[in-house]
Amino acid sequence: MSAHELTARRRPDAVTVGVWTISSGFFLGLLAVLALWIQQAWPAISKIGSELVKGREWFYRDNIFGAAGMIYGSLVVAVIALVLAAPVGIAAAVFISEFLTPRLRLPVKTAVEFLAAVPSVVYGLFGVIFLREWMAERLIAFDILSGDMLLTAGVLLAVMILPTVTTFSEDALRGVPQEQRIAARGLALSRAETVIHVVLPQAWPGITGAALLGTGRALGETIAVFLVVGRLDNQFPEKLFSLRPLIEPGQTLTSKLGGPETHIALGTPLHWGAMLSLGLILLVLSALFDATGTLLRRIGRISS
């Protein structure tokens, strides 16, 4: 091979250079947007400080901005969604991966993935038309005001993240080498024993990552939560682990940002900065869940 041919092979082609250029430009654009975002949020961050996170009262007319109630609401609905969706999603993933025949596995998994593509507004309408009234009827003994409450939002989010948890969990299970299943069956383990003692332990980091990725999605949902959560400010409970606040109207970071107050805040630097700070808090929470989930999925792939 001549020196000219060797140089030509080593030289990146135009397509590769173009992809690198576009990717770098997109990343730099995101950094610029984030810098502008922080700049406009800085009046609130510098003046309010940690009270923005710790404060329990939000009265924008009095320049009081405490987001603790919204942070609590966001975490509560995400945890409710995780607790409800994770067992069902993992069980469905085990069924699809370990018990369905290859002929049925693909169409069933495709149907599950299709559910993840349904727009959130459709789930929100389902919550308004059906779930809200259904929850109110089931909890009428607790003297609730309506079906608009944190628990309804959590149940609705559980339905929404179920396809995500199921799909990623099934991927983690399929990542376990088939040879290990065959070896376990050769040691006289039943199919169920093989799943419990061989497959699940190895796939568990990836399954946990799938659950956390689903929770990260739940934190970022806006429209569906906005329609069923009740949108009542200053709902931080006196007892943190009390169950009563779950059946009362509440507010989340996304429902606040998706509401009319975002438009009211325009033109008022402190109020506008406080609203943008809520977005930064939401970004940090979602990034923590997503990054942890992605890391666990990678660990699961390496271990298998």
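On a predicted model such as this, the values are computed, not experimentally measured, just so you know.

J.: Would you take a moment to explain empty space enclosed by the protein for this structure?
T.: In this approach the atoms are scanned with a rolling probe the size of a water molecule, which exposes any empty space left behind. Tallying each qualifying case throughout the model produces one cavity of 30 Å³ or more. Taken as a whole, the largest cavity spans an internal volume of roughly 50 Å³. Lining the largest cavity, in full, are Arg56, Trp58, Gly66, Gly69, Met70, Leu232, Asp233, Asn234, Gln235 and Gln251. Grouping the amino acids of the lining of the largest cavity by side-chain chemistry returns three nonpolar, five polar and two charged.

J.: Looking at this structure, I do not really get the environment of Ser146. What am I missing?
T.: Relative to the helices and strands, Ser146 is located in the loop between α6 (120-138) and α7 (150-174). Note on Ser146: relative accessible area 29%, which makes it partly exposed. Expressed as a C-alpha distance, the spacing of Ser146 and Gly55, which sit 91 residues apart in the sequence, is 27 Å.

J.: Sorry, what's going on with the packing of α7 against helix α9 (residues 191-220) here?
T.: Running from N to C, α7 and α9 point in directions that differ by 150 degrees, and their axes come no closer than 8 Å. Compared by their axis directions, α7 and α9 come out roughly antiparallel. For the crossing formed where α7 meets α9, the hand is right-handed. For the pair α7 and α9, the contacting residues are Leu157, Met160, Ile161, Thr164, Val165, Phe168, Ser169, Ala172 and Leu173 in the first and Val199, Leu200, Ala203, Gly206, Ile207, Ala210, Ala211, Leu213, Gly214, Thr215, Arg217 and Ala218 in the second.

J.: When you look at the packing of helix α4 (residues 68-99) against α7 in this model, what are you seeing that I'm missing?
T.: For any two helices packed against each other, the geometry comes down to the angle between their axes and how far apart the axes lie. Contact geometry of α4 with α7 gives a least axis separation of 5 Å together with a crossing angle of 40 degrees. As for how α4 packs across α7, the hand of that crossing is right-handed. Per-class residue counts for the contact of α4 with α7 are 25 nonpolar, six polar and three charged.

J.: How should I be thinking about the nonpolar core in this particular structure?
T.: A general trend in soluble globular proteins is that nonpolar side chains are found buried together. Trp58, Phe65, Leu157, Leu253 and Leu278 are the most contacted members of the largest nonpolar core, which totals 49 residues. Of all the elements in the fold, those that place two or more residues in this core are α2 (14-48), α4, α6, α7, α9, α10 (223-228) and α13 (269-303). Leaving out residues up to four positions away in the same chain, Leu157 has contacts with Val77, Ala81, Ala218, Glu221 and Val225. Among the nonpolar cores identified, the runner-up in size contains 11 residues, and Val94, Ala172, Val195 and Val199 belong to it.

About the cut-offs
- Residues numbered from 1 in each chain as written.
- Predicted model: local features only at pLDDT ≥ 70, side-chain atom pairs only at ≥ 80, totals over all residues.
- Heavy atoms only, no water.
- 1 Å grid on protein atoms, 1.4 Å probe; cavity = no way out; pocket = protein on both sides within 12 Å on 5 of 7 lines; lining within 4 Å.
- Points joined across faces, edges and corners; volume = space filled by probe spheres on them.
- Nonpolar A, V, L, I, M, F, W, Y, C, P; charged D, E, K, R; others polar.
- Helix = DSSP H or I, 4+ residues; strand = E, 2+ residues; numbered from the N terminus.
- Buried < 20%, exposed > 50% of the residue type's maximum accessible area, 1.4 Å probe, protein only.
- Axes fitted to C-alpha atoms, helices over the stretch in contact; angles between N-to-C directions.
- Parallel < 35°, antiparallel > 145°, perpendicular 65-115°, else oblique.
- Left-handed = near helix turned anticlockwise from the far one by under 90°.
- Contact = heavy atoms within 4.5 Å.
- Core = buried A, V, L, I, M, F, W, Y, C linked by side-chain atoms within 4.5 Å.

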